[in-house]
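# Examining the three-dimensional arrangement
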Amino acid sequence: MGRLNSVPESYVPTDEIREARARVRGRQKWRTLVENRTDYANKIHGLLSDHGITRDIKPLSVSGRKSLRDLSLPTPWDELLASYLAMIETLTEEINRLEAAIEERAGSL
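What you see is a predicted model, and the numbers here were worked out from it, not measured in a lab.

## Observations concerning the overall build of the protein
For the protein, the helix and strand inventory stands at three helices and zero strands. Relative to the compact-globule value of 13 Å for 109 residues, the protein shows a C-alpha radius of gyration of 22 Å, a clear excess of over 25%. Dimensions along the principal axes, computed over C-alpha positions, put the protein at roughly 75 × 35 × 20 Å. Buried residues in the protein amount to 26% of all 109 residues. Counting only contacts in the protein whose residues sit at least 6 apart along the sequence, the fraction spanning at least 24 positions is 57%. Of the side-chain charges in the protein, 17 are positive and 17 negative, and the distance between the mean point of each set is 4 Å.

See below:
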C-alpha cells in the first residue's frame, strides 16, 4: 500500500515476452533430459565394464541399443540393463518431441 491507499500495479509481461520465456524453459528442460539420458548411458558403460565387456557399444545410438538388447547378462544385471535402455528410449522420445517443438517455435519467429 502506498501513500494514496492504493495497491501498486503489477507487471504483466507481453505475449512476446511470455513466449520467449516459454522457449527458454523448453530449452532448459531439453538440456536436463539430455543430461539424464547421458547419465543412463554412463550407467550402462559401468555395468558393461563390471562384467568385463570392453567393446565399444554406444547406448545412445539405435544400433547400440539393439546390440545391448541382444546382450546376455546374468540376473539381476540383465533387468537393470533393460531398465536403463527403457529410460534411454523414453528420454530420447521426449528429447525428439521437445526438439521438434523448439524448432517449430524458432521457425515461426
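Picking up after the structure, the text goes on.
## What about unusual backbone geometry?
Residue proline 76 is reached from threonine 75 by a cis peptide bond, and omega for that bond is 5°. Structurally, proline 76 can be placed in the loop between α2 (62-70) and α3 (77-107).

## Some thoughts on the confidence of the model for the protein
Looking at the protein, pLDDT values average 90 and 94% of them are 70 or higher. Least confident of the elements in the protein is α3, whose mean pLDDT is 92; most confident is α2, at 96.

## Some remarks on the nonpolar core
Membership of the largest hydrophobic core comes to 20 residues, with the highest contact counts inside it found for Ile44, Leu48, Leu68, Leu71, Leu73 and Leu81. Elements supplying a minimum of two residues to this core: α1 (15-50) and α3. By residue number, the principal contributor to this core is α3, which donates eight residues. The residues contacting leucine 81, other than those within four sequence positions of it, are Ile44, Leu47, Leu68, Leu71 and Leu73.

## Considering the pattern of salt bridges
Taken as a whole and assessed by the stated rule, the structure comprises seven salt bridges. A salt bridge links glutamate 89 to arginine 65, with the shortest nitrogen-to-oxygen separation between them at 2.6 Å. Taken together, the positions of glutamate 89 in helix α3 and arginine 65 in helix α2 put the pair 24 residues apart, joining distant regions of the chain. The class for glutamate 89 is partly exposed, based on a relative accessible area of 25%. Salt-bridge contacts for arginine 69 lead to glutamate 89; the nearest nitrogen and oxygen are separated by 3.4 Å. Of this pair, arginine 69 sits in helix α2 while glutamate 89 sits in helix α3, and the two are 20 residues apart along the sequence. Residue arginine 69 is classed as partly exposed on the basis of its relative accessible area of 48%. When salt bridges that share partners are traced, they join Lys29, Glu94 and Arg97 into one network.

The rules behind the values
Residues numbered from 1 in each chain as written. Predicted model: local features only at pLDDT ≥ 70, side-chain atom pairs only at ≥ 80, totals over all residues. Heavy atoms only, no water. Helix = DSSP H or I, 4+ residues; strand = E, 2+ residues; numbered from the N terminus. Rg over C-alpha atoms; globule rule 2.2 N^0.38 Å. Buried < 20%, exposed > 50% of the residue type's maximum accessible area, 1.4 Å probe, protein only. Contact = heavy atoms within 4.5 Å. Lys, Arg positive; Asp, Glu negative; His and termini not counted. Charge placed at Lys NZ, Arg CZ, Asp CG, Glu CD. pLDDT = per-residue confidence, 0-100. Core = buried A, V, L, I, M, F, W, Y, C linked by side-chain atoms within 4.5 Å. Salt bridge = Lys/Arg side-chain N within 4 Å of Asp/Glu carboxyl O.

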